[in-house]
Structure formats: structure tokens, C-alpha cells
Amino acid sequence: MNAQVEIQLIAAVVAIACAIPGVFLVLRKMALLSDAISHSILPGIVIGFFITEDLNSPLLIILAAVTGVITVMLVEAIQKTGLVKEDTAIGLVFPALFSIGVILIAKNANDVHLDVDAVLLGELAFAPFDRLIIDGVDMGPKSLWLMGGILSITLGLLLAFFKELKVSTFDAGLSAALGFSPVVLHYGLMTVSSVTVVGAFEAVGAVLVVALMIAPAATAYLLTSNLKKMLVLSIVFGVFSAIGGYWMAHLLDASIAGSMTTVLGFVFLMVYLFAPNKGLIAVVYRQKQQRTEVSLLTFLIHLNNHKEENERHVKHLNEHINWQKVRSKTVLELAEKNNLIQIDNQIVKLTTKGKEFTDLALEYIISNRDEKIEHMKDDFFLFRG
Amino acid sequence: MELSEYFLQLFSDYTLRTITLGTAILGAICGMLGSFAVLRKQSLLGDAISHAALPGIAIAFLITGTKDTNLLLLGALVSGLIGTFWIRGMITKTHLKSDTALGLVLSLFFGFGMLLLTFIQKQPNANQAGLDKYLFGQAATLVESDVILMAIVTGICLIILLLFWKEFKILLFDADYTKTLGFNTKFIDILITFFIVLAIVLGLQTVGVVLMSAMLLAPAAAARQWTNKLSTMIVLAAIFGAFSGVFGTAISASQNNLSTGPVIVLVAGVFVLISFLFSPGRGIIFKQIRVFQNRRDLELQKTLQFMFDIAKTHEDISHPHAIKILNNFQGYTKATLKELEEKNWVAVNGQKWSLTEAGYQAAVNLYTNNQ
């Protein structure tokens, strides 16, 4: 294997390993804990490095993972005192731990080869140079083995505890009632996340680990609400961004991790804008449509309630229902186009169809029973829920 | 350099004076605006925005080609604001929750910023060195003009704060009510968010992207423990922030190889720790003491009830009884008996106690009316 292929392979493995816990973090509204962990493991890494002098040592990973879990526990302990809210607790814990890490590095900078920049940003391009050699046989890059191992464990845990994870994510109470402790699952997830962050930080850095965890999951979440599909989609997005990012970095001669994040950001932006149901454009269009339809309904009900001519004059309606000119015009046109009203000599009148429609809608509003409007759902956003 | 030496030199040494003044002002403005961030439950906004500012710095450099701090900070401000509004857009228009939105903007913007920074570093332009000081901040690079800028911004911020005090306050505690009163909540909201972003951007140069959020949060979280009043909290937070700045600078200046940002953050963390433990109203220690006191009061009353139950059966309520009969009873200790005596509820005579008239009345009040 040449170095190019190896880098892409490592990037893809890191992306998959991050995407899986990321999905659960996003669903459990704990996305920012990954940010906190990625920063606060620094002292663990530094202390581990002082002891072993090797960035790939398992002790380092264990220490860092322990620091990650300690972070979560500290945040929860502070929260439990009731003195500050959860987000403030997170915001207090990780900068403090990170500061300790930075100071530890700075104080020992002369005799230790560990750079804060390296921890924060990582450098994937160097990964193929650090090889695992057993009995003189080159087994490939160390970080590929490391991340491959973490990924296999994550996958194994995911398959073994999928049901439990699913239930506890969507209904912690039910999960506890069924006998699997949400606390154990919570800390299990946190441990997996910490280990993944530690394994990945060397390749992509502490901040970009967060991007690899949150962005694919968030992108997938905009496209589906099915957990399995969400997992698959986030893996696809992760891998796509990893490989796309590599080639972009190649082209621009810039940081691989930075490019990967940028591709992730681009993919997210596209989905955010254009996702069929939950994308920005779809949402804004739907909201606008609903607003018009609510106005239309109000308008029809108003007509239904008033027989006197002066209440039904086109000009008068403007001020009476207090709409801006443009909107009342849209509503009038929409109603007329659908044969719901008739305009004679500037006086608006409900047609038979309009009357029927209004009665049905009124009945729905009063009874709030869905079957009343079943056949209207095709024509109206408003009733589609 | 020793700490005392530092304070001696503070008034004569130009560099030290500038840096100390800079970090003090920064701490003050961060504490002031951080109070709003904390109370609005936007604590981690600072983290997201400080990261989101990075591409702005890089793009400002790419466009202008200069390292003029003010221009770079302007870029940071623009990209920080874009990040803020995107976060808000995501929360209101999609089902993504605020933590996901914050994390996304934080990491995606920062990653893009890193891409630009590494891209800039490869450019054949000798000017680019030192852009990465914004990552961790370098208080030592503060010059007088930076401090003046900070002071001006702090001044403007203070004036705005005083002008819109009523609006800010009411928006904080009841946004819906503010709307019904006819205030333009959107404008007030944008105004306060703008100033929070501005404070974050100002701090980038000194404490850097990564630690900026703590600068915003820690003084406010500490100040919150000492008071329930907004104005007091803001003043306290500003003072805590300023002191963190000064002490942090002093400690880092008096040691070798200590970057200022992390030290300032840790000093602020100490303020938080002290406040969490020792604040009289909410502090953990006093809370615990109050728990013990309540428990003792309860036991005292249990003793009184027991005595009352005995006294009820006698015609003379002050009929003496042996202290021994209290022994089996949980609420009884020598101390509680003494306290009861001090309250003049019981009279102790040798090995006997008897309920006084006052004690009987107190017990009647406590145990009969509510039954």
C-alpha cells in the first residue's frame, strides 16, 4: 500500500469510528460533551506521555479515556449541586482541564516532544510514517491498527447493545423500567466516545474530532428519523468527507483535517438547505404556505359570518382582517382560483364549494377530529400536520 | 521574577502595565457580558463563537494581506456573527437541538479556519507568521492601541448597558412578557448577542480561541453565587474577571514558560471554586450547615413533642419527670436539652425536667392546631 491509500484508509476508519457514537450523542442532546471531552483529555494525554514518552502507548489512551469519563462525572457533579445549569458546568470544566494540560506541556516543553498544536490539530499526513513492526515485518501504520481496533470494539458494542441503546436514547424511563440501567449505558457511551476521541485526536486533532462526530450525525438527522438509516447515512457522509477532504487537501496543499471538516461543512450546508422535508428551503416554503392557508381559512370564516355587504367589500376586507395589501391579494386570488369565492362588483361572496369547505373546516376546528378533513389533506399543507 | 517584584514593576514597566491593563479590561468586559450569556442559558455560545471567529481572521488576512489587529478582529467579528445567526437559524428552523447546532458551527467553522490557515502558511508571503497566536492567545502581544480599543469597546458597552438596562433585564427574566409590553425583543436580543460576540472577539488575541469560553463563563458563574440581583451580579462578575486577568498575568509573568491564557482561566476557576464552596446563600458548605441545622431543629422539636405528650397526661404541666426517660429517645441529647432550656421551654432541676408554661404553649401551637 502506498502512503496515499493508507492516509485515506485511516481517514475513513476514523470517520466511521467517530460517526457511530456521534449519532447517539446528537440524539441524546449531548453533542457538546464530545467537545468538552476532546479538550479535557489533554492533561490525561500529557501525563501519559510523560510516563511512556510514546504517543501511541495504550497507557496514554487509557489515561485519556479516564480523564474523559472524569470530565463527564465532574460536569454531572457540578450540575447536581444546582448552582449552575448543565451547559455552564460543561463550560467551566473543560477549559480548566485543558488549561492544566497546556500548562503541563509548557512547563516541560524543553525536554518533551509534544506540541499543543499537534494535540489540537493533528496531522494525518504523518500517520503512515509511524509503522507497526512485529518481528521485523511491516504491518502497516500504527494509527490504522489503533483506529481499526477502536472501530471494531465500537461496532461490536453497537451490535451487542443496539436494542438497549435505542430504547435508552429515546426513552430513558422505559429503558430503566425494562431493566437496563440508563446510567451504565450513559457511561458506556461516554467511555466509547472518550476512547474514540483519544484515538482520533492524533490523526485529526481535538477540535476536528468534534466535527467528525457531530456533523455526519446531524446531516443524517436532517434526512431521516430512522435510527438504523441515520447510522448508515452518517457513516456514508463521514467516509465521503474523509476521502473528499483528502483530495481537497492534496489539491490546495493544506491541512487534511481542515479539508475534511470543510467538506463535512459543505455537505451539511447542502442538506441543511435542500433536505426534502427538514431542509431550510422546505421548512420556509411550508411555513409560508401554512401562513397563507391560515389566512385563507380566516378569510372564508369571516365571509361565512357576515351577510352584510359592507363587510364583504374587497377594499374593506383589507382593513377589517388587518392584513397587508399583498397578503390579502394573494389570499383573494387563491380563494378565487379554487372556486371558493365569487367576486361581483367588488363584493365577495362564498360559492357553494366555498361554503362546504368552510363548514368542514369549522367542524374540524370545533371537533378536532381528523376524519373530517381527510380528503382536504392532499390540497392543503395546513392539514398535513 | 517574584510576584511581589511583578507588582513593584507594574507601575514602571511599560509592557507589564499594558498587558495587565489589557487583561484587566478584558476580564471586566467578559464578566459583564458573560453574566447575560449565563443567565440566558447561552453559556456555550462563547465556545462556539470563539471557534467560529477563526475563518474570519484568516479571510481578513487573505483579503488585506496585512496583520493589522483591528482588521483581523473585524473579520473575526463578522464570521462570529454569521456563526451566531446560523446557530439560531438551525435551532428555529430545524429539529436540530441547540447543542448540536453549537457543536456544528464550532467544529465546522474552526475546521474551515484551519484549512485557510494552513493554506496561508504555504503562501509565498513572509507576513503570515503569527496568525496562529489567535489559537491560544498571547497576552504579550498586546500593545497600547489594543488596550485603548478594548477600553473604548468596554465604554460603549457600558453606555449601551445603562441605556437599555430595563429592556435587558426584563428580556432576561421574562421574554414573552417583554414582547407583550411592546418592546422590540428581536432588537434587544440582537444587541446583547452582538456585544457578547464583540467581547469574545476582543479576547481572542489575549486568551485565544480555545479558552475564551471560560473567560466569559467563570466570572459570571462565580458572581451568580453571591447575589440574586442582576446589577450586583454584573458588577461582581466584572470585578472577578478583572482580578482573574491581573492575577493570571502576574502569575504567568513571574514564572518561566507559563502562557497567560490558561493561567487566567485557572485563576478564574479558583474564583468559581471559592464561590461554589463559600458563598453564604448558595454555597455548598453553608447549604450543608443549614441542612444540619434543620435536622437539629427537627430533632429538638421531636423532643418537645415527646415532652408534650407526657405533660398532657398530667394535670400540672410542670410536673417534673426524670431525664432518664428521654434516653431512649432519638432527638434527645444534652445539647438539645440545653437549647430547650435556653428557650425557656423546659426547666431542668437536677436529674428532672419539667415543661414550662411557655414550652407547653409552643408545643400546643406546633402539635395541636395543625392536626
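Residues numbered from 1 in each chain as written. Chains lettered and ligands numbered in written order. Predicted model: local features only at pLDDT ≥ 70, side-chain atom pairs only at ≥ 80, totals over all residues. Heavy atoms only, no water.

1. Observations regarding the pairing of strand β4 (residues 347–350) of chain A
Residue and element names in this part refer to chain A.
At step 1: Relative to β4, strand β3 (residues 341–344) is paired through four bridges, and the arrangement is antiparallel. Bridge pairing in β4 links D344 to I347.
At step 2: Hairpin geometry of β3 and β4 is characterised by an intervening segment of two residues between the two adjacent antiparallel strands and by a positive phi of about 55 degrees at N345. (Pairing = 2+ DSSP bridges. Helix = DSSP H or I, 4+ residues; strand = E, 2+ residues; numbered from the N terminus.)

2. What about the interface of chain B and chain A?
At step 1: At the junction of the two partners, chain B supplies 56 residues and chain A supplies 62 residues.
At step 2: Between chain B and chain A, the buried area comes to about 4,800 Å², and carbon and sulfur atoms account for 75% of it.
At step 3: Broken down residue by residue, the surface that chain B buries against chain A is led by K93, H95 and L115 of chain B, which jointly contribute 12%.
At step 4: Measuring nitrogen to oxygen at the nearest pair gives 3.6 Å for the salt bridge that ties K122 of chain B to D253 of chain A.
At step 5: Linking chain B to chain A there are 11 residue pairs in polar contact (both at pLDDT 80 or more).
At step 6: For the side of chain B that touches chain A, the elements supplying multiple residues, two or more each, are α3 (45–64), α4 (69–93), α5 (98–121), α6 (133–136), α10 (185–224), α12 (260–278) and α13 (284–312) of chain B.
At step 7: Per element, the largest residue contribution to the side of chain B that touches chain A is 15 residues, and it comes from α5 of chain B. (Contact = heavy atoms within 4.5 Å. Buried area = accessible area lost by both parts, 1.4 Å probe. Salt bridge = Lys/Arg side-chain N within 4 Å of Asp/Glu carboxyl O. Polar contact = N/O pair within 3.5 Å; in protein donor to acceptor, adjacent residues only side chain to side chain.)

3. Considerations on the confidence of the model for chain A
At step 1: Taken residue by residue, chain A gives an average pLDDT of 84. The fraction at 70 or more is 89%.
At step 2: Within chain A, helix α12 (residues 227–252) of chain A carries the highest mean pLDDT (94), whereas helix α6 (residues 116–121) of chain A carries the lowest (66). (pLDDT = per-residue confidence, 0-100.)

4. Section: the pattern of salt bridges
At step 1: Evaluated as defined, the whole model comprises six salt bridges over all chains.
At step 2: A salt bridge links R40 of chain B to D189 of chain B; the shortest N-O distance between them is 2.6 Å. Of the two residues, R40 of chain B is situated in the loop between α2 (14–39) and α3 and D189 of chain B in helix α10; the sequence distance between them amounts to 149 residues.
At step 3: D189 of chain B is the partner of R88 of chain B in a salt bridge, and the nearest nitrogen-oxygen pair spans 2.6 Å. One end of the pair, R88 of chain B, is in helix α4; the other, D189 of chain B, is in helix α10, with 101 residues separating them in the sequence.
At step 4: Members of the salt-bridge network, linked through shared partners, are E6, R131 and D138 of chain A.

5. Concerning helix α11 (residues 206–223) of chain A
At step 1: Here α11 of chain A contains 18 residues, and its C-alpha end-to-end distance of 27 Å stays within 8% of the 26 Å for a straight helix at 1.5 Å per residue.
At step 2: Of all 18 residues that make up α11 of chain A, 17 are buried, and the element is covered over most of its length. (Expected span 1.5 Å × (residues − 1). Buried < 20%, exposed > 50% of the residue type's maximum accessible area, 1.4 Å probe, protein only.)

6. Description of the confidence of the model for chain B
Residues and elements named next belong to chain B.
At step 1: Scored by pLDDT, chain B has a mean of 86; 95% of the residues are at 70 or more.
At step 2: At the level of individual helices and strands, chain B shows its lowest average pLDDT in helix α1 (residues 3–9), which scores 73, and its highest in helix α11 (residues 230–253), which scores 93.
At step 3: Of the two predicted TM-score estimates for the complex, the pTM is 0.85 and the ipTM is 0.86.

7. Notes on the side chain of T224 of chain A
Residues and elements named next belong to chain A.
At step 1: As for its position among the elements, T224 is in the loop between α11 and α12.
At step 2: Of the polar contacts made by the side chain of T224, one reaches the backbone nitrogen of N226; its length is 2.9 Å.
At step 3: In contact with T224, other than residues within four places in its own chain, are K229, M230, L233 and K278.

8. Describing the environment of L63 of chain A
Residues and elements named next belong to chain A.
At step 1: Among the structural elements, L63 can be located in helix α4 (residues 58–80).
At step 2: Overall, the relative accessible area of 26% leaves L63 in the partly exposed class.
At step 3: Here the alpha-carbon distance between L63 and V195, two residues 132 residues apart in the chain, equals 9.7 Å.
At step 4: Once you skip the residues sitting within four places of it in the chain, L63 turns out to touch G44, I47, G48 and I51.

9. A few points about unusual backbone geometry
Residue and element names in this part refer to chain A.
At step 1: A positive phi is found at K29, a non-glycine position, where the angle reads about 55 degrees.
At step 2: Following the sequence through the fold, K29 ends up in the loop between α1 (3–27) and α2 (31–40).
At step 3: A residue is classified by how much of its surface remains accessible, and K29, at 47% relative accessible area, is partly exposed.
At step 4: A positive phi angle is found at D253, which is not glycine, with a value near 55 degrees.
At step 5: Among the structural elements, D253 can be located in the loop between α12 and α13 (256–274).
At step 6: Relative accessible area serves as the criterion here: at 44%, D253 is assigned to the partly exposed category.

10. Looking at a nonpolar patch on the surface
All names here are of chain B.
At step 1: A contiguous nonpolar surface patch, about 560 Å² in accessible area, is contributed by L3, F7, V235, I239, F243, F247 and I251.
At step 2: Listed by contribution, the elements that provide at least two residues to the nonpolar patch are α1 and α11.
At step 3: Looking at which element gives the most residues to the nonpolar patch, the answer is α11, with five residues.
At step 4: As for its position among the elements, F7 is in helix α1. (Patch = residues over 30% accessible without salt bridge, like charges linked within 9 Å, V, L, I, M, F, W, Y side chains within 5 Å. Areas by Shrake-Rupley, 256 points an atom, 1.4 Å probe, with all protein chains shown as cover.)

11. Digging into the packing of aromatic side chains
At step 1: Scanning all chains against the criterion turns up 12 aromatic pairs over all chains.
At step 2: When the ring of F268 of chain A is compared with that of Y272 of chain A, the centres are 5.8 Å apart and the planes differ by 20 degrees; the resulting orientation is stacked. With F268 of chain A and Y272 of chain A both in helix α13 and four residues apart, this pair spans about one turn of that helix. Here F268 of chain A matches Y272 of chain A in class, with each residue buried.
At step 3: Seen in terms of ring centroids, F36 of chain B and F168 of chain B are 5.5 Å apart; in terms of plane orientation they differ by 65 degrees. Their pairing is edge-to-face. A residue pair is termed long-range when its members are at least 10 positions apart, and F36 of chain B in helix α2 and F168 of chain B in helix α8 (residues 165–173) qualify at 132 residues.
At step 4: Overall, F36 of chain B belongs to the buried group, its relative accessible area being 1%.
At step 5: Among the aromatic residues, ring-to-ring pairing joins F268 and Y272 of chain A together with W86 and F109 of chain B into one connected group. (Phe/Tyr/Trp six-rings, centres within 6.5 Å; stacked < 30°, edge-to-face > 60°.)

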